[in-house]
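What follows is each chain in one-letter form.
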Amino acid sequence: MVTTFGTLNNTGQSSRTSRGGAAGNQAMVVRGRGGQAMQLPKGMQPIPMREEGGMLIPEGYTMRKIEPAKNYDVVSFAKAMNQDFAPRLKKLFDPETEAALEAQKTGIYIGWRCPEFKHDCQRVNKMSKCFCGHLLGEHAQYTAKSLRVKCAQGGCKCQAFVWTPSRPEDVGEFWHQRRRDFDPSTWRAKCRCKHTHEEHDPAGSRRCKSRGCSCGHFDSNFLCAACDKHWEIHETFFESEQDRIEKGLPYGEMYLPFAEMPDLRNIALTGREDDDSTYLALTQGEGSIPQSNRPVGNNAPANFGGNTKSGFKPVYD
Ligand SMILES: [Zn+2]
Ligand SMILES: [Zn+2]
Ligand SMILES: [Zn+2]
Ligand SMILES: [Zn+2]
Ligand SMILES: [Zn+2]
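Parameters and conventions
Residues numbered from 1 in each chain as written. Chains lettered and ligands numbered in written order. Predicted model: local features only at pLDDT ≥ 70, side-chain atom pairs only at ≥ 80, totals over all residues. UniProt positions renumbered as here; feature names shortened; annotations may be inferred. Helix = DSSP H or I, 4+ residues; strand = E, 2+ residues; numbered from the N terminus. Contact = placed C-beta atoms within 7 Å. Buried ≥ 20, exposed ≤ 12 C-beta atoms within 10 Å, placed from the backbone. Axes fitted to C-alpha atoms, helices over the stretch in contact; angles between N-to-C directions. Parallel < 35°, antiparallel > 145°, perpendicular 65-115°, else oblique. Nonpolar A, V, L, I, M, F, W, Y, C, P; charged D, E, K, R; others polar. Pairing = 2+ DSSP bridges.

- Looking at an unreviewed UniProt entry, one finds the protein chain named Protein FAM221B, with Mizuhopecten yessoensis as its source organism.
- In UniProt, the protein chain has this text filed under Sequence similarities (unreviewed entry): "Belongs to the FAM221 family."

1. Brief notes about the overall build of the protein chain
Inference 1: What the protein chain contains, in helices and strands, is 7 helices and 7 strands.
Inference 2: Each helix (α) and strand (β) of the protein chain, taken in turn from the N terminus, gives the series α-α-β-β-α-α-β-β-β-β-α-α-α-β.
Inference 3: Put simply, 58% of the contacts in the protein chain that link residues at least 6 apart link residues at least 24 apart.

2. What to know about the environment of Glu173
Inference 1: Considering the arrangement of structural elements, one finds Glu173 in the loop between β5 (146–148) and β6 (235–239).
Inference 2: Classification of Glu173 by C-beta neighbours within 10 Å gives partly exposed; the count is 15.
Inference 3: Counting along the chain gives 49 residues from Glu173 to Phe222, while the straight-line C-alpha distance between them is 9.3 Å.

3. Describing helix α6 (residues 262–270)
Inference 1: All of the buried residues along α6 are Leu264, Arg265, Asn266, Ile267, Ala268 and Leu269.
Inference 2: Phi turns positive one or two residues past the end of α6, at Gly271, with a value near 90 degrees.

4. Quick look at unusual backbone geometry
Inference 1: Of note in the backbone geometry, Arg206 takes a positive phi value of approximately 60 degrees without being a glycine.
Inference 2: Taking the C-beta count within 10 Å as the criterion, Arg206 has 19 such neighbours and is therefore assigned partly exposed.

5. Topic: the packing of α6 against helix α7 (residues 277–284)
Inference 1: For the pair α6 and α7, interaxial distance at closest approach is 8 Å and the crossing angle is 90 degrees. In terms of orientation, α6 and α7 fall into the roughly perpendicular class. Counting all contacts with α6, which are made through Arg265, Asn266, Leu269 and Thr270, the residues of α7 involved are Ser277, Thr278 and Tyr279.
Inference 2: Classifying every residue of the contact of α6 with α7 by side-chain character gives 2 nonpolar, 4 polar and 1 charged.

6. A word on the pairing of strand β3 (residues 109–113)
Inference 1: Most of β3 is tucked away, with 5 of its 5 residues classed as buried.
Inference 2: Taking every second residue as pointing to the same face, both faces of β3 are buried, with Tyr109, Gly111 and Arg113 on one and Ile110 and Trp112 on the other.
Inference 3: For β3 and β6, the ladder comprises 5 bridges, and the chain directions are antiparallel. Pairing of Trp112 across the sheet is with Thr236, part of β6.
Inference 4: As judged from the 2 bridges shared by β3 and strand β4 (residues 122–123), these two strands associate in the antiparallel manner. Bridged to Gly111 within β4 is Arg123.

7. What about the environment of Asp276?
Inference 1: You can see Asp276 is positioned in the loop between α6 and α7.
Inference 2: Look at Asp276 and you get partly exposed, because 17 C-beta atoms sit within 10 Å.
Inference 3: Dropping the residues within four chain positions of it, Asp276 is found in contact with Pro262 and Asn266.

Here it is, written out as structure tokens:
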């Protein structure tokens, strides 16, 4: 899953090692560039070499195969690097875990992603920030069919909620939290003109309102921590579970952060990799996540004349 891994990378630089291992796959003992003899320091005898699997190996050595790292190894490695790996990972994903739990309760999934993606770069909850500087919960009521959710705060011209990073970690900047004098409440995502999103017009072309700045539209000076693409090519989607099934997007328990990696999923939910109590309560308890046991497919009630694809009418709140 691109989302979570991209971010994990940034957290602990953890999967770099596993990637290297996976890509190389074999421990390279000595490699002569292009099969040529290597330059040796003066006075040194050339080492007798033999070729094995396309690589030159010094005589007397055997090649050691390295298996691609498993997810578990990534976790171990990251924990070894950072004593506080689990609490940091949990804190990092708390807003997204909250968003996933909200989606289960309300049936409204709010995801921020590039339109062609089959995953969300960010799961959005009602405490998520909009470009206008207000939280989603400070905007108008929304449904799973909403296309544009206007801001409800007096004097705000925002016509449509759009997720905007509110923590440096959201854009992969992890060094701030190590600075003693860093105040997370003052951090704002910025434009290339050096002014914050709140200094730009929330409506229209998002021009910069800062005096003397000629910036005509917000042009992010940061990249998405999940996909490394710019903020402005992402969109915020309001969807139902049925929408997501049709679009091939994760839903239900698969919408949880790290859904495919139980250790990390547990950390995101409980702060402990061996504590799956929250997950079990979510999937097995009463009021648990509906795991597609709702009628979908041939027996599903026809939606607005039978064509489920075009059944939804956009709602402009
Ligand atoms: Zn607003
Ligand atoms: Zn807004
Ligand atoms: Zn600007
Ligand atoms: Zn500006
Ligand atoms: Zn992205």
